[in-house]
Amino acid sequence: MAGNWKMYKTPQETAIFFERFNSLADGWEKSDIVLFPPAIDIPAAVAAVNGTNIGIGGQNIYWSKEGAFTGEISADMFLAAGASWVLIGHSERRHVVTSETDADVLKKTQAALGAGLRPIICVGERLEEHKAGKTNEVLIKQFAAGVAGLTEEQFAQVVIAYEPVWAIGTGQTATPEIAAAAHRLIRQEADRRFGGEAAEQLRILYGGSVKPDNIVGLMKEDQLDGTLVGGASLDPDSFFKIVKAA
Ligand code: 13P
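Below is a short write-up of the structure. (Residues numbered from 1 in each chain as written. Predicted model: local features only at pLDDT ≥ 70, side-chain atom pairs only at ≥ 80, totals over all residues. Heavy atoms only, no water.)

## Considerations on the sheet that holds strand E4 (residues 85-88)
Pairing is parallel around the closed barrel formed by eight strands, whose spatial order is E1-E2-E3-E4-E5-E6-E7-E8. Neighbouring strand axes in the sheet, compared pairwise and without regard to direction, differ in orientation by 25° on average. Pairing geometry for strand E1 (residues 2-4) and strand E8 (residues 226-229), over two bridges, is parallel. Looking at the pairing, Ala-2 lines up with Leu-228 of E8. Across the sheet, helix H12 (residues 236-245) lies against E1, strand E2 (34-36) and E8, angled at about 165° from E8, the strand it touches most. (Pairing = 2+ DSSP bridges. Helix = DSSP H or I, 4+ residues; strand = E, 2+ residues; numbered from the N terminus. Axes fitted to C-alpha atoms, helices over the stretch in contact; angles between N-to-C directions. Contact = heavy atoms within 4.5 Å.)

## Topic: empty space enclosed by the protein
Overall, the coordinates contain one cavity of 30 Å³ or more when judged by the stated rule. What the largest cavity holds in volume is close to 30 Å³. Lining the largest cavity are Gly-89, Ser-91, Arg-94, Cys-122, Val-123, Gly-124, Gln-142 and Glu-163. Elements that contribute at least two residues to the lining of the largest cavity include exactly helix H4 (91-95) and strand E5 (118-123). In the lining of the largest cavity, the residues fall into two nonpolar, four polar and two charged. (1 Å grid on protein atoms, 1.4 Å probe; cavity = no way out; pocket = protein on both sides within 12 Å on 5 of 7 lines; lining within 4 Å. Points joined across faces, edges and corners; volume = space filled by probe spheres on them. Nonpolar A, V, L, I, M, F, W, Y, C, P; charged D, E, K, R; others polar.)

## Looking at the nonpolar core
Within the largest apolar cluster, 61 residues are counted, with the highest numbers of intra-cluster contacts made by Phe-18, Phe-21, Leu-35, Ile-61, Phe-155, Ile-160 and Tyr-206. Sorting elements by how many residues they give to this core places helix H9 (residues 176-194) first, with six residues. Listed in part, the eleven residues of the second largest apolar core include Phe-36, Leu-87, Cys-122 and Ala-161. (Core = buried A, V, L, I, M, F, W, Y, C linked by side-chain atoms within 4.5 Å. Buried < 20%, exposed > 50% of the residue type's maximum accessible area, 1.4 Å probe, protein only.)

## Here we look at the environment of Leu-79
Assignment of secondary structure puts Leu-79 in helix H3 (residues 75-80). In contact with Leu-79, other than residues within four places in its own chain, are Ala-115, Gly-116 and Leu-117.

## Quick word on the site of the ligand
The immediate surroundings of the ligand are formed by Asn-4, Lys-6, His-90, Glu-163, Ala-167, Ile-168, Gly-169, Gly-208, Ser-209, Leu-228, Gly-230 and Gly-231. At 2.9 Å from an oxygen atom of the ligand is found a side-chain nitrogen or oxygen belonging to Glu-163. Here the shell around the ligand is composed, by residue class, of three nonpolar, seven polar and two charged. (Near = heavy atom within 4 Å. Polar contact = N/O pair within 3.5 Å; in protein donor to acceptor, adjacent residues only side chain to side chain.)

## Digging into the pairing of strand E3 (residues 55-58)
The alternating pattern of E3 places Gly-55 and Gly-57 and Ile-56 and Gly-58 on opposite faces, both of which are buried. One ladder, built from two bridges, connects E2 with E3; its direction is parallel. Pairing of Leu-35 across the sheet is with Ile-56, part of E3. The β-α-β motif built from E2, the intervening helix H2 (residues 42-49) and the parallel element E3 has right-handed crossover chirality. Of the pairings in the sheet, the one linking E3 to E4 comprises two bridges and is parallel in character. Residue Gly-57 lies in a different strand from E4, and its bridge partner there is Trp-85. (Right-handed = clockwise from strand over helix to strand, strands pointing away.)

## Overview of the packing of aromatic side chains
Under the counting rule described, the total for this entry stands at twelve aromatic pairs. Relative to Phe-194, the ring of Phe-155 has its centre 4.0 Å away and its plane inclined at 5°; by these criteria the two rings are stacked. Here Phe-155 is found in helix H8 (residues 152-155), whereas its partner Phe-194 is found in helix H9, with 39 residues between them in sequence. Residue classification places Phe-155 among the buried residues on the basis of a relative accessible area of 2%. Accessibility expressed as a relative area gives 11% for Phe-194, which makes it buried. Above the face of the Trp-5 ring, Lys-9 is positioned so that its terminal group lies 5.3 Å from the ring centre. The aromatic ring of Trp-63 is capped on one face by Lys-107, whose charged end is 4.0 Å from the ring centroid. (Phe/Tyr/Trp six-rings, centres within 6.5 Å; stacked < 30°, edge-to-face > 60°. Lys NZ or Arg CZ within 6 Å of the ring centre and 35° of its normal.)

Structure (structure tokens):
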């Protein structure tokens, strides 16, 4: 169960979130919990989750180890700051703040794995692609490009998040059936490339307007291994309701 804070919260607000969230999640072992705060909040988040099972991740990395890349942060730097996960290829990076390509996604995935960060690779179709019946085509292309050339061992470290762009921040959650069909397709592709066992072990998260009142229906689908929550992860009580329901 993952929460992507996007560009919300200061370091101080991060500490306040965990004061409450840690008390709610104390002793929780039924699922992994990972939060993705803005990079500037990572030290505060890492300090706050010390001694708990909660993981912390970055929202994006650059693929070089270091260099003249103003404004960028490497996988090694996130790792050194105490992060253990990273989001790769979020739709807002593909379509809103920058124009990240499938080739960039692969370079970032390889950099994350090389440094020892676990990547959550995000894939998902846009509204016009959804309407044009191109969902499967887009998902296969983004998935294939994101994991191309990985070894089976590397692929075992990867988590995939299916986030239909039309469902992100719109309140229009994909129905459990739509989400499950997309997950099934991704799992089939994983099977084709890495074999049945790898496909079965693969964790696929759904993201897009997940809320406390729709989580139960979504998680009833066997295909959904968890969720990547945006807006509803900003409030500790709302995010823990989602964690618990799942
Ligand atoms: P919302 O839950 O706010 O729709 O955001 C989903 C998302 O993009 C998570 O990465």
